[in-house]
Amino acid sequence: MAFKPSKRSRKPIESTELNLTPVMNLMVVLIPLLLVTAQFIKLGMIELNLPPAVGSGGVSQSEMPKEAGLKLNLTVTITDKGFYLASSAAVALGENGEGPTIPRLANGDYNYDELTKLLYEIKKKASGQFSDTEQIVILAEPEVTYQTVIFTMDASRSVKVNNEQQPLFPKVALSATVL
Amino acid sequence: MAFIPSRIKRHDTGEGEVKVMLTSMMDMFTIMLVFLLSSYSTEGQMIQPSNDLTLPKSSVEKMPEVALDLSISKEWVLLNGKPVVKVTNIANYNGMIIPQLQQELLRYSTEAEAMQVKYGKPFSGLVTIQGDYALAYKVLVKVMATCGKSKYPNMRLFVYQKA
């Protein structure tokens, strides 16, 4: 059962209304302006180092300083079976000692998480022992798509450990020796 | 049981003046304005991604730079918006260096080097590559090899940032 409204509210209210028209004008101009200039997709950029084998005749490559110490020469090869990992220290083998190091998942996707995990292990073991623990060379079969290569770069760039981004192998070089 | 207003008051609708309630609209506009202002960046989008290709997604967080624009769309390789060579030709080409592309790139680099001598604008050898996400690796590598051999060794790949 509703209450009968109180008689107090029947007092005439002084009408002190704000004049909202100028504010509305402002809004009507500002909102379309900001909507037009807003960017909903963000562009990013990946810096690339030249593949040493391909660009040896390039301008800056010939003046590359020779680094001392042991080289790790970490290489990830993307094939249609999965990822193959190799370095100067060892060749990571797949199960049963053959096949790709990290095979594709059952649904056909590449196993980027596993790659990141494995690279993190390698990074932990290799740091201090080798001079090039920032670099990685990515190889791919001719028909591997650009997106797969980019995802592989993402997987090898950094890793999230305890909610902290740690760099893995941010200096990526592409190579073409598979072709 | 609902309260029944008196008969007199039921027809008491003021002086016939209709007022629009602007308060809720103002609320909405204020929220939109705050959201848009917060997402507003003064840097602006200097790079327009090409329409006939879809860039791949990546988790990279680096902001794009402006440089010589090389797009590899589904059909053509474009240099600064000008079609240079067909993608299918590159895919079927046996060598690593694509002659048509190299010729164009060298033309741009000579111009840029002349600018460096005349006006002191340094030539960085920077080229930005926009590639379609479904592009085959063999095409990408050939294009990049050509860039490297044509005085453009510093390459940047454009991607969409993952949200």
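Criteria and thresholds
Residues numbered from 1 in each chain as written. Chains lettered and ligands numbered in written order. Predicted model: local features only at pLDDT ≥ 70, side-chain atom pairs only at ≥ 80, totals over all residues. Helix = DSSP H or I, 4+ residues; strand = E, 2+ residues; numbered from the N terminus. Buried ≥ 20, exposed ≤ 12 C-beta atoms within 10 Å, placed from the backbone. Contact = placed C-beta atoms within 7 Å. Nonpolar A, V, L, I, M, F, W, Y, C, P; charged D, E, K, R; others polar. Pairing = 2+ DSSP bridges. Core = buried A, V, L, I, M, F, W, Y, C linked by C-beta atoms within 7 Å. Axes fitted to C-alpha atoms, helices over the stretch in contact; angles between N-to-C directions. Parallel < 35°, antiparallel > 145°, perpendicular 65-115°, else oblique. Left-handed = near helix turned anticlockwise from the far one by under 90°. Expected span 1.5 Å × (residues − 1). Arc of directions from axis to C-beta. Right-handed = clockwise from strand over helix to strand, strands pointing away.

Below, the discussion takes up the overall build of chain B. Across its full length, chain B holds 5 helices and 6 strands. Mapped from its N terminus to its C terminus, chain B presents α and β elements in the order α-α-β-β-β-β-α-α-β-α-β. Scored against the burial criterion, the 163 residues of chain B give a buried share of 28%. Taking as baseline every contact in chain B between residues at least 6 positions apart, the subset at least 24 positions apart corresponds to 70%.

On the chain A side, the residues contacting the 50 residues of chain B number 44 residues. Secondary structure elements with two or more residues in the side of chain B that touches chain A: helix H2 (23-38), helix H5 (137-149) and strand E6 (154-161) of chain B. Ranked by residue count, the leading element in the side of chain B that touches chain A is H5(B), at 8 residues. Classifying every residue of the side of chain B that touches chain A by side-chain character gives 33 nonpolar, 9 polar and 8 charged. Across 6 bridges, strand E1 (residues 43-48) of chain A lies against E6(B) in antiparallel orientation. By the bridge assignment, Gly44(A) is partnered in E6(B) with Val159(B).

Of note, the phi angle at Asn80(B) is positive, near 50°, even though the residue is not glycine. As for its position among the elements, Asn80(B) is in the loop between strand E3 (76-79) and strand E4 (82-86).

Side chains that are nonpolar tend, in soluble globular proteins, to be buried together. Counting 59 residues, the largest nonpolar core has Ile138(A), Val149(A), Leu140(B), Val143(B), Met144(B) and Leu157(B) as its most contacted members. Filtering out sequence-adjacent residues up to four positions away, Ile138(A) remains in contact with Val76(A), Val149(A), Thr152(A), Met153(A), Val172(A) and Leu174(A).

For the rest of this paragraph, the subject is the packing of helix H4 (residues 99-119) of chain B against H5(B). Residue and element names in this part refer to chain B. Direction vectors running N to C along H4 and H5 enclose 40°, while the axes themselves pass 9 Å from each other. The orientation of H4 relative to H5 falls into the category oblique. Crossing angle aside, the handedness with which H4 passes H5 is right-handed. Of the residues in H5, those in contact with Leu101, Gln102 and Leu105 of H4 are Val143, Thr146, Cys147 and Lys149. Its residues assigned to classes, the contact of H4 with H5 comprises 4 nonpolar, 2 polar and 1 charged.

Before going further, it helps to examine H4(B). Since one α-helical turn is 3.6 residues long, residues separated by three or four positions face the same way. All names here are of chain B. In this model H4 runs 30 Å from its N-terminal to its C-terminal C-alpha over 21 residues, within 8% of the 30 Å that 1.5 Å per residue would give. Among the residues making up H4, those that are buried are Leu101, Glu104 and Leu105. Along the long axis of H4, the arc covered by the buried residues comes to 95°, so they all point the same way. The outward face of H4, more than 90 degrees from its buried face, is lined by the exposed residues Pro99, Arg107, Thr110, Ala114, Val117 and Lys118. Buried residues along H4 sit in contact with E3, E4 and H5. One or two steps after H4, the chain reaches glycine 120, where phi turns positive at roughly 75°.

Residues and elements named next belong to chain B. For strand E2 (residues 68-72) and strand E5 (residues 126-131), the ladder comprises 5 bridges, and the chain directions are parallel. Bridge assignment links serine 71 to a residue of E5, and that residue is glutamine 130. For the segment spanning E5, H5 and E6, crossover handedness is right-handed.

Treat this as a map of the structure, not an account of what it does.
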